[in-house]
Amino acid sequence: MLTSTELNREAILESVEELICDYLRPNAKKIDQTGQFPRENMTALAEAGLLGLIIPRELGGLGATPSLYKEIVMRLASACASTALVFVQHMSATSVMLYGAHQPYVQTWLKGIVDGQCLATIAFSEAESGCYFFLPVSQAKSEGEDHFVLNTKKTMVTSAGEADIYVVSTRSTFATNSMQSDFFILTRETEGFSLGGVWEGMGLRGNCSAPMTVKDCLVHRDKLIGTEGEGFKIVQRSLLPMGQIGISSLNLGIAKAIFDESVAYVKKRHYSHLDAGLSSFQSVQQTIGKMKVLYDQAEKSLQTVCRLMEEGSIDLVSTLEIKVMACETVIRMAEYSLNVCGGFAYSSHSPLERLIRDSKAGTIMGPTPEVLKELIGRTLLDVPTKL
Ligand SMILES: Cc1cc2nc3c(=O)[nH]c(=O)nc-3n(C[C@H](O)[C@H](O)[C@H](O)COP(=O)(O)OP(=O)(O)OC[C@H]3O[C@@H](n4cnc5c(N)ncnc54)[C@H](O)[C@@H]3O)c2cc1C
């Protein structure tokens, strides 16, 4: 198990590569075909100490920088994007919990994560606010001095029923808008917390997303992360940066795998009747060239965003636009791949078909590229955003 005392970028990446070879690559096809949760992969990541990747070293985690987090998620996603999504949502939940790292209850669960005992996820999405998933409509009620009653229906929760900890959002008791929100830590065993339905998505089929219901759930105040009404601040400070890096890296990891598979196929495809390879056609060469340019631009931009975050000089527009770039890149890479690889890419016998389906989720997951572009435009045009 990697520990905080031996934090070393190369050692961590070596450990990740081993897990990818031993578990993620061999399991990827089966996970996609069966839609089963990647339990074996996640246990291996937990045993290696990687669940505590972004937890600071003073709290026992590996204290990874955004750049290292990006690198790891990209590699996981290239091998098995379902596992990468489970990992990313765990990290997003962890980033919210870190906001309350001084609170005893939160500390207990952070310790569980560091020890590889707890998998976390975020339960935010509600039908009423859809892809604006950081803006809950459900509202908490006070119960006596120390408790809240929660009632909320979450439409899609990655690792539903599989994770141990669920960071659940709801409007604060006094809220008059969705920005006045709270995050609570609920566990799988919390009374009134139940799973509803099975995930049947087009791609990322092993992430086991499902609706979850919180009904008349009596929750002690110590399970509230931060103080009442701080939800949107937590989104801006903790969730947004790590969430954007995570989902962007996931999509660029898929894009990298699409590129590598496409190049490998084009290189080996040969037409006997022409005695020529597919790689000999100029338009195919140009498509591969375009894919390389697209991928490199997005990957370098993501690297820059990570560096700016590490330096503390990141701006809002750069944080928002990186996910737009990553999601649009992977979609275009998937289209180009179909163009040059034809039936091979279309068939479930090739890994490309799975990767192409996996490439679609990023544009659906909140905040979607369309919503992000609107937010960027509003920011640049000084148009106030009503939330
Ligand atoms: C694989 C996967 C895993 C997920 N995991 C989680 C999870 O772990 N936790 C969680 O809380 N949620 C999760 N979600 C849910 C996700 O974050 C979104 O909340 C959800 O996908 C929104 O879906 P919707 O159909 O309700 O979107 P809708 O809000 O109905 O949006 C439909 C479409 O309208 C577009 N749209 C909306 N507003 C605008 C606008 N202003 N301009 C232009 N277009 C617009 C959107 O881009 C979108 O494409 C997951 C989703 C997926 C696909």
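This text goes with the structure placed above it.
Reading the values: rules and limits
- Residues numbered from 1 in each chain as written.
- Predicted model: local features only at pLDDT ≥ 70, side-chain atom pairs only at ≥ 80, totals over all residues.
- Heavy atoms only, no water.
- Helix = DSSP H or I, 4+ residues; strand = E, 2+ residues; numbered from the N terminus.
- Rg over C-alpha atoms; globule rule 2.2 N^0.38 Å.
- Buried < 20%, exposed > 50% of the residue type's maximum accessible area, 1.4 Å probe, protein only.
- Contact = heavy atoms within 4.5 Å.
- Areas by Shrake-Rupley, 256 points an atom, 1.4 Å probe, with all protein chains shown as cover.
- Lys, Arg positive; Asp, Glu negative; His and termini not counted.
- Charge placed at Lys NZ, Arg CZ, Asp CG, Glu CD.
- Salt bridge = Lys/Arg side-chain N within 4 Å of Asp/Glu carboxyl O.
- Core = buried A, V, L, I, M, F, W, Y, C linked by side-chain atoms within 4.5 Å.
- Phe/Tyr/Trp six-rings, centres within 6.5 Å; stacked < 30°, edge-to-face > 60°.
- Pairing = 2+ DSSP bridges.
- Axes fitted to C-alpha atoms, helices over the stretch in contact; angles between N-to-C directions.
- Parallel < 35°, antiparallel > 145°, perpendicular 65-115°, else oblique.
- Left-handed = near helix turned anticlockwise from the far one by under 90°.
- Nonpolar A, V, L, I, M, F, W, Y, C, P; charged D, E, K, R; others polar.
- Disulfide = S-S within 2.5 Å.

**Student:** Help me understand the overall build of the protein in this model?
**Tutor:** Across its full length, the protein holds 10 helices and 10 strands. Relative to a compact globule of 387 residues, whose C-alpha radius of gyration would be 21 Å, the protein shows 21 Å and is just as compact. For the protein, the spread of C-alpha atoms along the principal axes amounts to about 80 × 50 × 45 Å. Here the protein holds 387 residues, and the buried ones make up 56% of them. Sequence-distant contacts, at least 24 apart, represent 75% of the contacts inside the protein between residues at least 6 apart. Total accessible area computed for the protein in this model is approximately 16,700 Å², and 53% of it derives from carbon and sulfur atoms. Each charge class in the protein can be summarised by its mean position, and for the 36 positive and 43 negative side chains these summaries are 5 Å apart.

**Student:** What should I look at first to understand the pattern of salt bridges in this one?
**Tutor:** Note that side chains of opposite charge can pair when their charged atoms are close. Applying the stated criterion across every chain yields a total of 21 salt bridges. Where E230 meets K233, a salt bridge forms, and the shortest distance between an N and an O atom there is 3.1 Å. Linking E311 and R307 is a salt bridge whose minimum nitrogen-to-oxygen distance equals 3.3 Å. Of this pair, E311 and R307 both sit in helix α7 (residues 282-311), 4 residues apart, which is roughly one turn of the helix. Residues joined in a network through salt bridges with shared partners are E17, K70, E71, R75 and E299.

**Student:** It is not clear to me how the nonpolar core should be interpreted in this structure. Could you clarify?
**Tutor:** Most often, soluble globular proteins keep nonpolar side chains buried together rather than apart. By size, the foremost hydrophobic cluster in this structure holds 123 residues, and its most contacted members are L50, L53, Y69, F87, M97 and I225. Broken down by element, the residue count for this core peaks at 16 residues, all from helix α6 (residues 231-268). Those residues in contact with I225, other than ones at most four positions away along the chain, are V96, M97, Y99, G100, Q103, V106, V167, F183, I185 and I234. Among the nonpolar cores identified, the runner-up in size contains 6 residues, and L240, V317, V324 and L372 belong to it.

**Student:** I'm lost on the packing of aromatic side chains in this one. Help?
**Tutor:** The geometry of an aromatic ring pair is captured by two quantities: the separation of the ring centres and the angle between the planes. One pass over the full model with this rule turns up 9 aromatic pairs. Measuring from ring centre to ring centre gives 6.3 Å for Y105 and W109, while their planes differ by 70 degrees; the resulting arrangement is edge-to-face. Remark: W109 and Y105 occur in helix α5 (residues 104-114); sequence separation between them is 4 residues, near one turn of the helix. Judged on exposure class, the residue Y105 and its partner W109 are both buried. Ring geometry for Y265 and F344: centres 4.4 Å apart, planes at 5 degrees, overall stacked.

**Student:** Which parts of the structure should I look at to understand the sheet that holds strand β4 (residues 165-171)?
**Tutor:** Sheet strands associate in pairs through backbone hydrogen bonding, adopting either a parallel or an antiparallel arrangement. Within the open sheet, the 4 strands sit side by side as β1-β4-β5-β8. Their pairing is mixed. Here the strands that pair on one side only, and so sit at the sheet edges, are β1 (120-123) and β8 (224-225). Pairing of β4 with strand β5 (residues 181-187), which is carried by 7 bridges, proceeds in the antiparallel orientation. Paired with R171 across the two strands is S181, which belongs to β5. The sheet strands contacting α6 are β5 and β8, and the helix crosses β5 at an angle near 80 degrees.

**Student:** Explain the packing of helix α1 (residues 9-34) against helix α2 (residues 39-47) here, please?
**Tutor:** When two helices pack together, their arrangement is given by the angle between their axes and by how far apart the axes lie. Between α1 and α2, whose axes approach to 9 Å, the crossing angle comes to 160 degrees. Considering the angle they form, α1 stands roughly antiparallel to α2. Two packed elements cross with a definite hand, and for α1 against α2 that hand is left-handed. Residues L19, Y23, L24, N27 and I31 of α1 form the contact with α2, whose participating residues are E40, N41, A44 and L45. When its residues are assigned to classes, the contact of α1 with α2 shows 6 nonpolar, 2 polar and 1 charged.

**Student:** Looking at this structure, I do not really get the state of the cysteines. What am I missing?
**Tutor:** Chemically, a disulfide is nothing more than a covalent bond linking the sulfur atoms of two cysteines. In the structure shown here, the tally under the stated rule is 0 disulfides. Cysteine C80 remains unbridged, with the sulfur of C208 as its closest cysteine sulfur at 11 Å. Residue C80 is classed as buried on the basis of its relative accessible area of 2%. Free of any disulfide, C118 has its nearest neighbouring cysteine sulfur in C217, separated by 18 Å. What makes C118 buried here is its relative accessible area of 7%.

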